[in-house]
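Examination of the molecular architecture
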Amino acid sequence: MSAIGSLIFCTACGNLLRESTGDANAILHCDVCGTRNKDTIPQTVVSESKPSAFPSALRAKRSAVQELTAEDRTHEAITQKTCPQCGRKEMFFTTMQLRGADEGSTVFYRCVCGHKETEDN
Ligand SMILES: [Zn+2]
Ligand SMILES: [Zn+2]
């Protein structure tokens, strides 16, 4: 590994000394303050990207989708409708706009016994 051509600065005053000789044992005298500097260039600090940042963002996005799905289920409401299968007078229902807004919506009924039926408005 050669450092020839790299610029060396005084560690004490920051004065530009001269181009590196490539000899790590060489001593470079500063013309300004007289400090004897070793002919070595500072190690380049590599800023590491955090690989954990991206997967965690994906996990957060995935959990947000799951929460949304659970929230959709809570939109189910109870209506007074007799279940033809078990005779229970309350059924869960959800309304869904399947087609165009001018064509009405479909109501999905669900009973705790498992009976399901749909009704077009
Ligand atoms: Zn100096
Ligand atoms: Zn039922």
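Scope of this entry: the structure provided in the associated data block. (Residues numbered from 1 in each chain as written. Chains lettered and ligands numbered in written order. Predicted model: local features only at pLDDT ≥ 70, side-chain atom pairs only at ≥ 80, totals over all residues.)

Some words on the sheet that holds strand β6 (residues 90–96)
- Ordered by their spatial adjacency, four strands build an open sheet running β5-β6-β7-β8, and the pairing between neighbours is antiparallel. Bordering the open sheet on either side are β5 (77–80) and β8 (116–120), each of which pairs with just one other strand. Between one strand and the next, the sheet's axes are offset by a mean angle of 35°, whatever the strand orientation.
- Pairing of β5 with β6, which is carried by four bridges, proceeds in the antiparallel orientation. (Pairing = 2+ DSSP bridges. Helix = DSSP H or I, 4+ residues; strand = E, 2+ residues; numbered from the N terminus. Axes fitted to C-alpha atoms, helices over the stretch in contact; angles between N-to-C directions.)

Here's the deal with the environment of C10
- Relative to the helices and strands, C10 is located in the loop between β1 (7–9) and β2 (16–19).
- What makes C10 partly exposed here is the crowd of 19 C-beta atoms within 10 Å.
- A C-alpha to C-alpha distance of 8.1 Å links C10 and R36, two positions 26 residues apart in sequence.
- The contacts of C10, once residues within four sequence positions are left out, are N15, L17, C30, V32, C33, T35 and N37. (Buried ≥ 20, exposed ≤ 12 C-beta atoms within 10 Å, placed from the backbone. Contact = placed C-beta atoms within 7 Å.)

Considerations on the pairing of β6
- Pairing between β6 and strand β7 (residues 106–110): five bridges, direction antiparallel. Bridged to T95 within β7 is V107.

From the geometry alone we can't say anything about function, so treat these as descriptive.
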